[in-house]
Amino acid sequence: MELFTNQVLAGIATGAIYACMALAVVMIYQAIDHLNFAQGEMAMFSTFISWQLMQWGLPYWAAFIATLIFSFIGGIAIERVLFKPLTKAPILTQVAGFIALFSIINSCAGLIWDFTIKQYPTPFGSSPFLGSQLISTHQAGMIGITLLLLVGLYFFFQYTRVGLAMRAAAALPESARLVGINTSWMIALGWGMAAAIGSIAGMLIAPVVFLEPNMMGGVLIYGFAAAVLGGLTSPFGAVLGGFLVGIFENLAGTYIPHVGNEMKLPIALALIISVLVIKPAGLFGRNIVKRV
Amino acid sequence: MSAVEEIASQAPAVEAVPKRAMTLSSGTTFVVVLLLLVVPLFVKNFIIFQMTMLLIYGLAVLALNILTGGSGQFSLGQSAFYAVGAYTSAILMEQYNINYALTLPVAGVICFGFGFLFGQPALRLSGVYLALATFALATAMPQILKLGFFEQWTGGVQGLVVTKPDAPFGLPMSQDMWLYYFTLAITIAIYIFSVNLLRSRSGRAFMAIRDNEIAASAMGIDVATYKTLAFGVSAGITGVAGGLGAIAVQFVAPDSYTIVLAISLFLGMVVGGVGWLPGSFVGAAFIIFVPNIAEGISKGLSGAVFGVLLFLVIFLVPHGSRQVAMVAQQLLGKLRKN
């Protein structure tokens, strides 16, 4: 029993990573009606920027803030230059664009900072949290920041004018334009926010998975699995899904033989497929009714 | 509680390609086939090998084209089907001593089943989400192949070495040349099959689903069946390509079939022109030769060069080689008039 509780705790800690990524996936999809494949790579690049700033002697939080601003502006710039011309293009073209971006960012990061694994500092320290051996203060801090982010985004989308305008622009672009919302800039803003949230996720994850150009590959898929589990239309579900996926992964690793670290991705895949077969809307998702 | 989504104004996932524009005219086809038959007689073995790989990747891109250009579904998971086909052929040849030619239909059938099954959960997703789910399949596949449980058949991380077949009946041909003509025959057969498939009732059903799913189901098309069928056919053809690839490369290992392969095949389709079947082979040429050129420009930046080229294609020639071919045709027509 003690093994079980310990593994559940450890699962919650790793789940925070996935929750963070799932939140980015769902929230941004809700806001801008796009899902960016290169999200993980953009987050990785931002994390490298913050690492570089720290190498040049900036303190952690200064580098953190600078990276947030850089990612926000970078996200907007990418949208304006590369994806605005594709707004009216078929989804296929957009997917191709995301893949191209993915490939460019990954390759550039590899060229600038090469593929060796780098240590990344944590602002919370890595001592045990409240005397528990399984959750370090960093992981506790990560869970805290994820929840803070969730609450902050909830208030932003629910209670601010800009948040409302962004939701309107994503849900019904034509009607939103008619009431005077600049939908084109709302999408750019969404890209900026997605990049900024992604960079927070990246900087929180980096101390755990170490910094290297391919660090985000598995995380993005787990984030997606979490989003599918929680329901693609529910930000709250996505965060809970993230924690559940983390717990599930750890328990599977403990109790099912032959399931080690190298089985991570097949488990995520199995999870995605079984949720889609058994309960396609996810745990907290809504059924979308289509009007012709 | 339910959310209502307006979909009447949405752009379709894939731009419609008129049925007649999907193939080449008979004159051009004749010239291309003639070239494919004659050229290998005059070039070195290495170039023959590259032409074989071109045909094999062409088949894989063609399969993706049927899925995406035909039925409007995305897949970034084609490398998984390719891997299953390759492993099926390799295992049957090396562990059970079955003739290489007989392993290919088996690879096709197994992949068809695999694709059909994967098509079931994939039905719940569309557009970008489907791309992401198939992306998960492609990234998970190398790890599944490395599993200790399958190791007695797959050879684990080391993979399997495949022997290259000799030309039969004492034909005076090198192994490479024989394999090339063997691949060419299969490619032509599958190409004809695909063209006819898209012209058939099933093909029209695919295209109706691609253009408007709701209208298609209102006309009595069983959307779920045809969508999974498209997945199955596409996976089956990819499996045959994978089997041929295993024989040509003489080696299968889990890390040959990563997401990079899936992305290359997707890229090949976009470059070749979505929905234009002959473009598949143009796309295959792109993904075989351009990485070499990209590495020639800068070793570390080949991924970036690839990405930039893809953006250029999206912005300048969104219909890929189909657009180039059409422009060329119009120019030729003008020249003839003058």
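Because the structure is a prediction, the values reported are computed rather than measured.

### Some thoughts on the overall build of chain B
When you go through chain B residue by residue, the secondary structure sums to 14 helices and three strands. Taking all 338 residues of chain B together, 55% fall into the buried category. Restricting to contacts in chain B with at least 6 residues of sequence separation, those with at least 24 account for 79%. Just so you have it, chain B exposes about 14800 Å², and 66% of that area is on carbon and sulfur atoms.

### Quick word on the overall build of chain A
A tally of regular secondary structure across chain A gives eleven helices and three strands. Element order for chain A, N to C, with α for helix and β for strand: α-α-α-α-β-β-α-α-α-α-α-α-α-β. Going through the 292 residues of chain A one by one, you find that 57% of them count as buried. When contacts within chain A are restricted to residue pairs at least 6 apart in sequence, those whose partners lie at least 24 apart make up 75%. As presented, chain A carries roughly 12500 Å² of accessible surface, and 69% of it is formed by carbon and sulfur atoms.

### Quick look at the environment of A43(A)
Residue and element names in this part refer to chain A. Tracing the backbone through its elements, the reader meets A43 in helix α2 (residues 39-55). Each C-alpha atom of the pair A43 and M203 lies 8.1 Å from the other, and the pair is 160 residues apart in sequence. For A43, the residues in contact, after removing those within four places along its chain, are G198, S199 and M216.

### What to know about the packing of aromatic side chains
For the structure on display, the rule yields 29 aromatic pairs over all chains. Where F81(B) meets F114(B), the ring centres are 5.3 Å apart and the plane angle is 75°; that geometry is what we call edge-to-face. Placement of F81(B) in helix α3 (residues 78-96) and of F114(B) in helix α4 (residues 100-122) is noted, with a sequence separation of 33 residues between them. Overall, the relative accessible area of 1% leaves F81(B) in the buried class. Taken together through their ring pairs, the aromatic side chains of F83(A), F98(A), W191(A), F311(B) and F315(B) make up a single cluster.

### A closer look at the side chain of T139(B)
If you trace the backbone, T139(B) turns up in helix α5 (residues 127-146). There is a polar contact of 3.0 Å between the side chain of T139(B) and the backbone oxygen of A136(B). Setting aside residues up to four positions removed in sequence, T139(B) forms contacts with I221(A), L265(A) and I259(B).

### Some words on the environment of L130(B)
For L130(B), the position within the fold is in helix α5. When neighbours within four sequence positions are excluded, L130(B) is seen to be in contact with Q73(B), F74(B), A122(B), L125(B) and F231(B).

### Quick notes on helix α8 (residues 183-209) of chain A
Residues and elements named next belong to chain A. With 27 residues, α8 should reach 39 Å at 1.5 Å per residue; the first-to-last C-alpha distance of 37 Å fits that figure. Of all 27 residues making up α8, 22 are buried, and the element is well covered by its neighbours. Phi for F210, located one or two positions after α8, is positive at around 70°.

### So, the pattern of salt bridges
Residues and elements named next belong to chain B. Summed over the entire model, instances satisfying the criterion amount to three salt bridges over all chains. Residues K227 and E213 are paired through a salt bridge, measuring 3.2 Å at the closest nitrogen-oxygen approach. Pair noted here: K227 is in helix α10 (residues 223-249) and E213 is in helix α9 (residues 213-218), with a separation of 14 residues, a long-range link. The buried category is assigned to K227, whose relative accessible area is 6%. By relative accessible area, which is 37% here, E213 ends up partly exposed.

### Some thoughts on helix α4 (residues 91-113) of chain A
Its 23 residues place the ends of α4(A) 33 Å apart at the C-alpha level, agreeing with the 33 Å of an ideal helix rising 1.5 Å per residue. Counting buried positions along α4(A) gives 19 out of 23 residues, so the element sits mostly inside the fold.

### What to know about unusual backbone geometry
Phi is positive for Q250(B), which is not a glycine, with a value near 65°. Structurally, Q250(B) can be placed in the loop between α10 and β3 (251-252).

### Considerations on the confidence of the model for chain A
Overall, the predicted model of chain A reaches an average pLDDT of 80, with 88% of residues at or above 70. Ranking the helices and strands of chain A by mean pLDDT puts helix α3 (residues 60-83) of chain A first, with 88, and strand β3 (residues 287-291) of chain A last, with 61.

### Points about the nonpolar core
Of all hydrophobic cores here, the largest spans 198 residues; its most connected members are L101(A), Y57(B), Y82(B) and F266(B). Beyond its immediate stretch of four places on either side in the chain, Y82(B) contacts M53(B), I56(B), Y57(B), A60(B), T238(B), A241(B), G242(B), G245(B), Y257(B) and L261(B).

### Here we look at a nonpolar patch on the surface
All names here are of chain B. On the surface, a nonpolar cluster with roughly 810 Å² of combined accessible area is contributed by F30, V31, L34, L35, L37, V38, L41 and F42. On the secondary structure map, F30 appears in helix α1 (residues 26-38). According to the relative accessible area criterion, F30 is exposed, its value standing at 58%.

### Focus: the side chain of S71(A)
Residue and element names in this part refer to chain A. Following the sequence through the fold, S71 ends up in helix α3. A relative accessible area of 3% means that S71 is categorised as buried. Polar contacts involving the side chain of S71 include one to the side chain of S46, which spans 3.0 Å. Ignoring sequence-local partners within four residues, the contact set of S71 consists of S46, G192, A195, A196 and S199.

### Some words on the packing of α3(B) against α4(B)
Residue and element names in this part refer to chain B. Look at α3 against α4: their axes get within 8 Å of each other, and the N-to-C directions meet at 140°. For the element pair α3 and α4, the recorded crossing hand is right-handed. Within the contact between the two elements, α3 uses F81, V84, G85, T88, S89, L92 and M93 and α4 uses Y100, T103, L104, V106, A107, I110, C111, F114 and G115. Class assignment of the residues belonging to the contact of α3 with α4 gives a composition of eleven nonpolar, five polar and no charged.

Thresholds, definitions, all that
Residues numbered from 1 in each chain as written. Chains lettered and ligands numbered in written order. Predicted model: local features only at pLDDT ≥ 70, side-chain atom pairs only at ≥ 80, totals over all residues. Heavy atoms only, no water. Helix = DSSP H or I, 4+ residues; strand = E, 2+ residues; numbered from the N terminus. Buried < 20%, exposed > 50% of the residue type's maximum accessible area, 1.4 Å probe, protein only. Contact = heavy atoms within 4.5 Å. Areas by Shrake-Rupley, 256 points an atom, 1.4 Å probe, with all protein chains shown as cover. Phe/Tyr/Trp six-rings, centres within 6.5 Å; stacked < 30°, edge-to-face > 60°. Polar contact = N/O pair within 3.5 Å; in protein donor to acceptor, adjacent residues only side chain to side chain. Expected span 1.5 Å × (residues − 1). Salt bridge = Lys/Arg side-chain N within 4 Å of Asp/Glu carboxyl O. pLDDT = per-residue confidence, 0-100. Core = buried A, V, L, I, M, F, W, Y, C linked by side-chain atoms within 4.5 Å. Patch = residues over 30% accessible without salt bridge, like charges linked within 9 Å, V, L, I, M, F, W, Y side chains within 5 Å. Axes fitted to C-alpha atoms, helices over the stretch in contact; angles between N-to-C directions. Left-handed = near helix turned anticlockwise from the far one by under 90°. Nonpolar A, V, L, I, M, F, W, Y, C, P; charged D, E, K, R; others polar.

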